[in-house]
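Given next are the chains, with one letter for each unit.
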Amino acid sequence: AAEAQAESGEPAALLSGHHYVVLGGFSTTENAGRALREIAAKEPAFRCRIYRFGEKFMVSPFSSDDAGACAQFIRVQDGRFPDMWTYTAR
C-alpha cells in the first residue's frame, strides 16, 4: 500500500487501532509534500508517508500496531524532532 501511495502520490488511509508517529498535520497535500521533502533532507533514514487525517493530511515517519514501539521511535530521536507525538486511529 505504501508503494502504491508513493507511486500515485495519493495519501494513504489510516488503519483503525493502528498507532502513528506524527511529525505534522497539514491542510493541503502540497504542504504535506513540502514537509515530507524537508524531513527527508534532515533525516534521510526516515521513510515518511502522508495519510488522510480527517479533512487534513498527516506526515508520519513510523507506524505500528504497538503504541510502545511508537513511543520508542520518538525516544530514539533524542529531541531532534521535538514536536513528534503518537496518534491512534479510531
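Let me sum up the structure you'll find in this document. Quantities reported herein were computed from a predicted structural model and do not represent experimental measurements. (Residues numbered from 1 in each chain as written. Predicted model: local features only at pLDDT ≥ 70, side-chain atom pairs only at ≥ 80, totals over all residues. Heavy atoms only, no water.)

Details of the sheet that holds strand β4 (residues 56-60)
In a beta sheet, neighbouring strands pair by backbone hydrogen bonds and run either parallel or antiparallel.
Part 1: Ordered in space as β2-β4-β3, the three strands form an open sheet in which the pairing is antiparallel. Taken across any chain shown, the strands that pair with only one partner, and hence form the sheet edges, are β2 (24-26) and β3 (49-53). Within this sheet the neighbouring strands show an average axis-to-axis angle of 30°, counted without direction.
Part 2: Relative to β4, β2 runs antiparallel, the two sharing three bridges. Directly across from glycine 25, in β4, lies its bridge partner methionine 58.
Part 3: Its contacts with the sheet place helix α2 (residues 29-42) against β2, β3 and β4, and it is angled at close to 10° to β4. (Pairing = 2+ DSSP bridges. Helix = DSSP H or I, 4+ residues; strand = E, 2+ residues; numbered from the N terminus. Axes fitted to C-alpha atoms, helices over the stretch in contact; angles between N-to-C directions. Contact = heavy atoms within 4.5 Å.)

A short note on the environment of glutamate 10
Part 1: Within the element layout of this structure, glutamate 10 appears in the loop between α1 (2-8) and β1 (19-22).
Part 2: Residues glutamate 10 and threonine 28 lie 18 residues apart in sequence; the distance between their C-alpha atoms is 12 Å.

Re the packing of aromatic side chains
Part 1: Scanning the entire structure with this criterion turns up six aromatic pairs.
Part 2: When the centroid spacing of 5.3 Å and the interplanar angle of 40° are considered together, the rings of phenylalanine 46 and phenylalanine 73 count as tilted. Note that phenylalanine 46 is positioned in the loop between α2 and β3 and phenylalanine 73 in helix α3 (residues 67-76), a separation of 27 residues in sequence.
Part 3: Residue classification places phenylalanine 46 among the buried residues on the basis of a relative accessible area of 8%.
Part 4: A ring pair is formed by phenylalanine 62 and phenylalanine 73, whose centres lie 4.9 Å apart and whose planes are at 10°; its orientation type is stacked. Taken as a pair, phenylalanine 62 in strand β5 (residues 62-64) and phenylalanine 73 in helix α3 lie far apart in primary sequence, 11 residues in all. (Phe/Tyr/Trp six-rings, centres within 6.5 Å; stacked < 30°, edge-to-face > 60°. Buried < 20%, exposed > 50% of the residue type's maximum accessible area, 1.4 Å probe, protein only.)

A few points about the nonpolar core
Part 1: Grouped together as the largest cluster of nonpolar side chains are 13 residues, with contacts concentrated most on Leu23, Ile39, Phe46, Cys48, Val59, Phe81 and Met84.
Part 2: Where this core is concerned, the elements lending two or more residues are α2, β4 and α3.
Part 3: Look past the residues within four positions of isoleucine 39 in its chain and what remains in contact with it is Leu23, Phe46, Cys48, Val59 and Phe81.
Part 4: Counting residues in hydrophobic clusters, the runner-up holds seven residues, among them Ala12, Tyr20, Met58 and Tyr87. (Core = buried A, V, L, I, M, F, W, Y, C linked by side-chain atoms within 4.5 Å.)

Concerning the side chain of histidine 19
Part 1: Mapped onto the fold, histidine 19 is located in strand β1.
Part 2: Polar contacts involving the side chain of histidine 19 include one to the side chain of threonine 88, which spans 2.7 Å.
Part 3: If near-sequence neighbours (up to four positions away) are discounted, histidine 19 is found in contact with Phe62, Ser63, Ser64, Asp65, Asp66, Ala67, Cys70, Thr86, Tyr87 and Thr88. (Polar contact = N/O pair within 3.5 Å; in protein donor to acceptor, adjacent residues only side chain to side chain.)

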